[in-house]
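Here is what each chain is made of, one letter per residue.
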Amino acid sequence: MDLRFTPEELAFRDEVRAFFRSALPADIRRKTELGQRLSKEDTVRWQRILNAKGWAVPHWSVEWGGTDWGPVKNYIFREEMQLAPAPDPLSFNVSMVGPVLIAFGSEAQKRHFLPRVANLDYWFCQGFSEPGAGSDLASLRTSARREGDDYVVNGQKIWTSRAHHADWMFCLVRTDPSAKPQAGISYLLIDMKAPGLTVRPISTIDGEHHFNEVFFDEVRVPVANRVGEENKGWTYAKFLLGNERTGIARVGASKFRIQRAKALARTVMVGATPLADTARFREKVAAIEVQLKALEITQMRVVCNARRLAPGVQDPASSVLKLKGTELQQATTEILMEVAGPDALALQPEHLWGSATEAPIGPEWAPMIAPDYFYTRAASIYGGSNEIQRNVIAKRLLGL
Amino acid sequence: MDFDLSEEQRMLEQSVGRLIAEHYSFEQRKRYMQEPAGFSRDLWRRYAEMGLLGLPFDERHGGANAGPIETMIVMEAFGRGLALEPYLSTVILSGGLIRLAGSEAQRAELLPRIAGGSLLAAWAHSEAQSRYALSDVACTARRDADGWILDGAKSHVMHGDSADRLIVSARIGGERCDRNGIALFLVDAAAPGVERRGYPTQDGLRAARIGLSGVRVASRDVLGEPGEAAPLIERVADCALAALAAEALGAMAAAHETTVEYLKTRKQFGVAIGSFQALQHRAVDMLVELEQARSMALYAAMMVDEADAVERRKAISAATVQIRRSGRSIGQQAVQLHGGIGMTLEYKIGHYFKRFTAMETLFGDTDHHLAALAEAGGLIASA
């Protein structure tokens, strides 16, 4: 037992760190550091830099452009990326549709899609949630009826992140309305330019445009774009839930926020004392740091155990990752909100996008603080709300 | 980085686990508590036979030269059984002080006897006014022709009533709370001038209040450099906190398992109460606390021998904050989920709760360690 990194792992960390230092474009780094929103072009540019290095999809199998790093190095890579701070590669591509295609896609689908998914030539969005199917995802009603070599899709998706950027959607549709809810679902890849498909924006409480509604009116999808077997889509979607749960804790991102909060608190005065020097602030931050350290080790335990577990067996420690990880992401945005205080108040969306022509009201870092705090509330809702996670853990791990 | 136990560590885990499973049922524990010393002398001999009492000592002192992971394994098992024996007092604290600061003669004399089970020792350090401040020592030691004379009073001396030997801290110089000027003395518990009042504690263990009036100690019974004991005291307190973290972890795991089992068997409204979502979510929250605590108990074990004392103390304080919060939360939830049965002295779950509560007061509570960690700058450097 040794919780420290081996010399080889440390050397790898240094290599990764050096790469991020030299390869991450300064403007993207700055935006990420300040919490400004990235344009589609920023995300694409960065992912292509990673892909050129062979590091856009390190956790994929070598055959499809991944690496042989194994869990510990993948973990180090992710942490360093968040601490750089560099934006994550598009998770819909690299963590969601990619692994599903590798596991269940046809040869032709893999050959066509995987290189484009890795290089972000295709931007994927996720078509899962519907107005009547949120936590109860299996009750989804968007239908696909077979007509010759096509499916004809009708219905509506909602909360579709970045659909307005997307070229493709991986989408759950009902192909057998007579079967049990989970048994009649198929997994389709849908071209966002297909006739009959419309995207409508939803504004979120941070004043931004992350989410969309997507409407399908007699949209034709070639049967060749179905992944795996008809009516087995639920299995493929669930595969994702057990896959890559370690990424969800985002310990590096929370650590980065704590670093920032501590630095910014030195510039904020409470009377004659910097906020950073008040006992209340320090103890509040320390309490989060304790939990973050625990989560970091929990995550490393999950990472190391993954090598030993049989496929399909869940490590009890992994259950902590989503719950605690999202709580701490939220706690760190809250701390930043408290550091900013009244400086967070001015609504300055132009500074979120780095498109402002005037200096901000208040400090340069302040305009992003409140939107981050607001938007991070979504962390405990998406990907299966934390309450659904508790239901699942109670059933699967505790046998209740 | 790896979390695997070695072959020897796995064997240790199995043998201690088996020992506790076979000898620490609720009924057995109740019997041990009624023995004169408040724990099982038989089991203490058995621990000696298994090599547990010399675990961290050098081989030439009858030990196994084992590290913090081995201590963690043993303490975790003791936590599961809510073991009553003075392992912390004798092996971790007294054994630790002798191992780290004793002269070769002191080590050669005392450590083999601890390892063999014939010597019980206790650390008489905290005082009525000191609360959690490790350098707050009012007891005095003054020079005498052929040694020292101790005066003062010690409180909450864990297992102080059954100990054969006491390690007493006393001030030879400086003000009451100074880090400088503290010395440690090996004192025979039966020496003239030592007055002991033993008492049971809330968790079923025992402690003593110890009065010292004109107690004579020979020069050769000074432990370490007189006046320079503070860093040693801090180090041994950290060893105790790492051990307590493991003990608490074992107790948390057992309390959680017991509770989940109860949720599956207890029926109300015609169904197992574990089918109710409100209770399921509480059981999951307990699991989250348990896993976070396990991570920090590992962290404590990894950092307890860290050479940089500032880093070591920060890490141990951080681990302690997590352990204490997890323990309180799991203990309270376990009682709540058991309902009435959680309130009775006749069932084990309440005893776990009581042990968590008692452990919170040892070597600094949550607030103490959170403040210490914050004061030292926390775990994450600012950007």
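Rules behind the numbers
Residues numbered from 1 in each chain as written. Chains lettered and ligands numbered in written order. Predicted model: local features only at pLDDT ≥ 70, side-chain atom pairs only at ≥ 80, totals over all residues. Helix = DSSP H or I, 4+ residues; strand = E, 2+ residues; numbered from the N terminus. Buried ≥ 20, exposed ≤ 12 C-beta atoms within 10 Å, placed from the backbone. Contact = placed C-beta atoms within 7 Å. Nonpolar A, V, L, I, M, F, W, Y, C, P; charged D, E, K, R; others polar. Axes fitted to C-alpha atoms, helices over the stretch in contact; angles between N-to-C directions. Parallel < 35°, antiparallel > 145°, perpendicular 65-115°, else oblique. Left-handed = near helix turned anticlockwise from the far one by under 90°. Domains from an automatic or database assignment. Pairing = 2+ DSSP bridges.

1. So, the overall build of chain B
In terms of regular secondary structure, chain B is built from 11 helices and 10 strands. Going through the 383 residues of chain B one by one, you find that 51% of them count as buried.

2. Let's talk about the interface of chain B and chain A
Contact with chain B, which involves 37 residues of that partner, is made by 45 residues of chain A. Only helix H7 (230-265), helix H8 (277-303), helix H9 (309-338) and helix H11 (366-375) of chain B provide two or more residues apiece to the side of chain B that touches chain A. Residue contributions to the side of chain B that touches chain A peak at 14 residues, all from H8 of chain B. A per-class count over the side of chain B that touches chain A returns 24 nonpolar, nine polar and four charged.

3. Thoughts on the packing of helix H5 (residues 87-101) of chain B against helix H6 (residues 104-116) of chain B
All names here are of chain B. H6 packs onto H5 with a crossing angle of 165 degrees between their chain directions and a minimal axis gap of 10 Å. It follows from the interaxial angle that H5 and H6 lie roughly antiparallel. Judged by the twist between their axes, the crossing of H5 over H6 is left-handed. Of the residues in H6, those touching H5 at Thr90, Val91, Gly95, Ile98 and Arg99 are Gln106, Arg107, Leu110, Leu111 and Ile114. Broken down by class, the residue content of the contact of H5 with H6 amounts to five nonpolar, three polar and two charged.

4. As for the domain arrangement of chain B
Residues and elements named next belong to chain B. Annotation of chain B at the domain level lists domain 1 (7-119), domain 2 (122-227) and domain 3 (231-375). A separation of 23 Å is found between the C-alpha centroids of domain 1 and domain 2. Across the boundary between the two partners, domain 1 contributes 15 residues, which contact 16 residues of domain 2. At seven residues, the largest contribution of residues to the side of domain 1 that touches domain 2 is made by H5.

5. Describing the packing of helix H4 (residues 70-83) of chain A against helix H9 (residues 279-305) of chain A
All names here are of chain A. At a minimum axis separation of 7 Å, H4 and H9 run at an interaxial angle of 145 degrees. For the crossing formed where H4 meets H9, the hand is right-handed. Note on element contacts: H9 touches H4 through Met300, Val303 and Cys304, opposite Pro71, Val72 and Tyr75. Classifying every residue of the contact of H4 with H9 by side-chain character gives six nonpolar, no polar and no charged.

6. What to know about the pairing of strand E5 (residues 182-188) of chain B
All names here are of chain B. Of all seven residues that make up E5, six are buried, and the element is covered over most of its length. Across seven bridges, the pairing between strand E4 (residues 165-171) and E5 is antiparallel. Residue pairing across strands places Arg165 opposite Asp188, the latter belonging to E5.

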